[in-house]
Amino acid sequence: KILVIGASGQIGVELTLALRNIYGASNVIAADLREENDLLKGSGGPYVSLDVMNKEMLHVLVLRQNITQIYLLAAILSATGEKNPNLAWSLNMQSLLNVLDIAREENIHKVYWPSSIAVFGPTSPKQLCPQQTIIEPTTVYGISKYAGEFWCNYYFHRYGVDVRSLRYPGLISYKSAPGGGTTDYAVEIYHDALDEKQYECFLKEDTYLPMMYMPDAIRATIELMEAPAEKLSVRTSYNLSAISFSPKEIAESIRKHIPEFKMKYKPDYRQVIADSWPQSIDDSVAANDWSWKPEYDLDRMTEDMLKNLKVQKAG
Ligand code: VAH
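All of these numbers come straight from a predicted model, not from anything done at the bench. Each chain carries its own residue numbering, running from 1 in the written order of its sequence. Only residues with pLDDT of 70 or above have their local features reported here, since the model is predicted, and side-chain atom pairs are shown and tallied only from 80 upward, although totals for entire chains, interfaces and linings are computed over all residues. Values shown for side chains rest on all heavy atoms present in the structure; no hydrogens or waters enter the calculation.

## Details of the overall build of the protein
Here's step 1: In this text, helices come from DSSP runs of H or I with a minimum length of four residues, and strands from runs of E with a minimum of two, each type numbered from the N-terminal end. Counting secondary structure elements, the protein contains 12 helices and 14 strands.
Here's step 2: A radius of gyration in this sense is built from C-alpha atoms; the matching globule rule multiplies 2.2 Å by the number of residues raised to 0.38. Computed over the C-alpha atoms, the radius of gyration of the protein is 19 Å, within 12% of the 20 Å expected from 2.2 N^0.38 for a compact globule of 315 residues.
Here's step 3: Dimensions along the principal axes, computed over C-alpha positions, put the protein at roughly 55 × 45 × 40 Å.
Here's step 4: The 315 residues of the protein split such that 56% are buried.
Here's step 5: Long-range pairs, those at least 24 residues apart, make up 79% of the contacts in the protein with a sequence separation of at least 6.
Here's step 6: Surface summary for the protein: the accessible area is close to 13,200 Å², and the carbon and sulfur share equals 50%.
Here's step 7: Looking at the protein, you have 32 positive and 39 negative side-chain charges, and the mean spots of the two groups are 2 Å apart. Each residue is placed in one exposure class: buried if its accessible area under a 1.4 Å probe, protein chains only, is under 20% of its type's maximum, exposed if it is over 50%, and partly exposed if it falls in between. The contact rule is simple, with two residues in contact once any of their heavy atoms fall within 4.5 Å. Surface accessibility in these figures is a Shrake-Rupley result with a 1.4 Å probe; residues are shielded only by whichever protein chains are displayed. Charge counting treats Lys and Arg as positive and Asp and Glu as negative, with His and both chain ends excluded. A charge is said to be at NZ when it belongs to Lys, at CZ for Arg, at CG for Asp and at CD for Glu.

## With respect to the site of the ligand
Here's step 1: Contacts to the ligand come from Leu77, Ser78, Ser116, Ile117, Tyr141, Pro169, Gly170, Gly181, Thr182, Thr183 and Trp277.
Here's step 2: For this analysis, a polar contact is any N or O atom pair within 3.5 Å, provided that within protein one partner can donate a hydrogen and the other can accept it, and provided that sequence-adjacent residues contribute only side-chain to side-chain pairs. The separation between an oxygen atom of the ligand and a polar side-chain atom of tyrosine 141 is 2.8 Å.
Here's step 3: Between threonine 182 and the ligand, the recorded distance is 2.7 Å, taken from a backbone N or O atom to an oxygen atom.
Here's step 4: Of the grid points, spaced at 1 Å and generated over the protein atoms alone, those admitting a 1.4 Å probe that cannot get out make up cavities, while open sets with protein on both sides within 12 Å along at least five of seven lines make up pockets; any residue with an atom within 4 Å of a point is treated as lining. To be counted as sitting in a cavity or pocket, a molecule needs more than half of its atoms within 2 Å of that site's grid points. A majority-of-atoms criterion places the ligand in the largest pocket.
Here's step 5: Considering only residue class, the shell around the ligand consists of 5 nonpolar, 6 polar and no charged. Near, as used in this document, describes a residue that has one of its heavy atoms within 4 Å of the molecule or strand being considered. For this classification, the nonpolar set comprises Ala, Val, Leu, Ile, Met, Phe, Trp, Tyr, Cys and Pro, the charged set comprises Asp, Glu, Lys and Arg, and every other residue, Gly included, is treated as polar.

## Concerning unusual backbone geometry
Here's step 1: Even without a glycine there, the phi angle at asparagine 66 is positive, about 50°.
Here's step 2: Positionally, asparagine 66 belongs in the loop between helix H3 (55–64) and strand E4 (69–72).
Here's step 3: Unlike most non-glycine residues, lysine 197 shows phi in positive territory, near 60°.
Here's step 4: Among the secondary structure elements, lysine 197 is positioned in the loop between helix H7 (185–195) and strand E10 (198–201).

## Focus on the nonpolar core
Here's step 1: Core analysis: the largest hydrophobic core is formed by 42 residues, its most contacted members being Ile172, Tyr185, Tyr190, Phe245, Ile250, Phe261 and Met301.
Here's step 2: The set of elements that each furnish at least two residues to this core consists of helix H6 (140–159), H7, E10, strand E11 (209–213), strand E13 (243–245), helix H9 (247–255), helix H10 (270–275) and helix H12 (298–314).
Here's step 3: A per-element tally of this core places H7 first, with 7 residues.
Here's step 4: Beyond its immediate sequence surroundings of up to four residues, isoleucine 250 is in contact with Tyr185, Ala186, Ile189, Tyr190, Phe245 and Leu298.
Here's step 5: Among buried residues, those of type Ala, Val, Leu, Ile, Met, Phe, Trp, Tyr and Cys that are joined through side-chain atoms within 4.5 Å constitute a nonpolar core. Residues Ile2, Ala7, Leu19 and Leu240 belong to the second largest nonpolar core, which totals 34 residues.

## A word on the confidence of the model for the protein
Here's step 1: Confidence per residue, as judged by the predictor, is encoded in pLDDT with a range of 0 to 100. Looking at the protein, pLDDT values average 97 and 100% of them are 70 or higher.
Here's step 2: No element of the protein has a lower mean pLDDT than helix H2 (residues 38–43), at 92, and none a higher one than strand E8 (residues 166–168), at 99.
Here's step 3: What the predictor reports for the complex is a pTM of 0.98 with an ipTM of 0.97.

## A look at the sheet that holds E11
Here's step 1: Pairing within the open sheet is mixed, and its 3 strands lie in the order E9-E11-E13. With partners counted over all chains shown, the strands left at the sheet margins are strand E9 (170–172) and E13, one partner each. In this sheet, neighbouring strand axes are inclined to one another by 45° on average, regardless of whether the strands run parallel or antiparallel.
Here's step 2: The rule for pairing is simple: two strands pair if DSSP sees at least two bridges between them. Bridge count for E11 against E13 is 3 bridges, and the pairing is antiparallel. Across the sheet, leucine 209 pairs through a bridge with phenylalanine 245, a residue of E13.
Here's step 3: Between the N-to-C directions of two axes lies an angle of 0 to 180 degrees, each axis being a line fitted to C-alpha atoms and, for a helix, fitted only over the stretch in contact. Docked against the sheet, H7 engages E9, E11 and E13, running at close to 25° with respect to E9.

## Re the packing of aromatic side chains
Here's step 1: Only the six-membered ring of Trp is used, alongside the rings of Phe and Tyr, when aromatic pairs are assigned; centres must lie within 6.5 Å, and planes under 30 degrees apart are stacked while those over 60 apart are edge-to-face, with the rest tilted. For the structure shown, the criterion picks out 12 aromatic pairs.
Here's step 2: Measuring from ring centre to ring centre gives 5.8 Å for tryptophan 151 and tyrosine 154, while their planes differ by 80°; the resulting arrangement is edge-to-face. Of the two residues, tryptophan 151 and tyrosine 154 both sit in helix H6, 3 residues apart, roughly one turn of that helix.
Here's step 3: Taking the relative accessible area as the measure of exposure, tryptophan 151 reaches 34% and is therefore partly exposed.
Here's step 4: Note on tyrosine 185 and phenylalanine 202: the rings are 6.3 Å apart at their centroids and 85° apart in plane angle, and the pair reads as edge-to-face.

## Quick word on the environment of cysteine 201
Here's step 1: Looking at the secondary structure, you find cysteine 201 in strand E10.
Here's step 2: Residues cysteine 201 and serine 116, 85 residues apart in the sequence, show an inter-C-alpha distance of 22 Å.
Here's step 3: Residues in contact with cysteine 201, not counting those within four places in the same chain, are Tyr185, Pro247, Met263, Lys264, Tyr265, Lys266 and Pro267.

Here's what the structure looks like:
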C-alpha cells in the first residue's frame, strides 16, 4: 500500500490522483492534517487524518495499513516559512526524519520526498544552475530542503533506504491551490485573468524563475520512482527543469487568449526571495540517469490552464 502524506496540498492532490490511477484507489492512502480535498473524495480511495509530527501515530498507521511506499509532501513553503522560521524548520525537518526512521525500521520499499530549486541561493549560478555547485540557501525553506537532501543521502548510504527526491521548480496547477510559495503568482494570475481580466503581481515584471506545469512534475515523480535503482547517481535530490519565464512573459501568453488582460506590479517581501534563486536550471543529470524530458512550454500550459479553469469556474 502507498501512503501519501500531505495529500490535500498542491502537489499531494495531484500525486494521489495519479498514483490511484496507476495502482488502484484502494491501494493509495491519502493522509493530511487538513480535511479531505473534494477531488480526492471523488477519486474514492481511503483518507486518514494524520499529524506527521506524531511519529508514534505514523508508525502505527504504517504497520496497520501494510504501507510499502511513502510519499512525504507535507512542508511549509518559502514565503510562509519566512513568517514562521521555527515552525518551518521543525515541520520540514522532523516530518522527514520521522518518515526516514520508520522507513528504516519497517523496511519500507521506497520513499519520495520533494526538494526545491529553493535550495540554491544568491551565490549559485543564475543561468542553467548545475546539479552540483555553490549552494548557500537564504530562506528557512531552502535551508530545510537542503539539509533534508543530505538526510536522504545519509539514510540511503548508511541504511539502504531507497529514498528519492526532485528539486521542483515553481509548480503551476488548476486542480489544487498552491500554499504559501513565492511562485504562487503564476497560479493566481490565471484565476484573476478569468475573474478580473487583471492581476496585481507581487514580483517585478522581469523576475525570471524556473517553473513547471503540474502534469510534467507528476510524470517526473512517477518516472523517477519507477526508474531502476542502479540508474540513479543522485541520492540527495535531482535538478528538474521545464520552463523559465517572467511575470511579463506569462502575461503576454495570457493575452493571446484574453487580449484585454492588464497587469499591475506591486513587489513585496517575496521579491527578495525570488531574486535569491536561479533563473534557469540545468537538469542534464536527470535526463542522463532516467531520461527526463518536459512536455509543456509556456503557451501550451497557458492554453491548458485557462481551458480547465473556465470549466471549473463554470461549476
Ligand atoms: C515556493 N512553490 O515558492 C515553492 C517552490 C521553487 C518554489 O519551492 O516556495
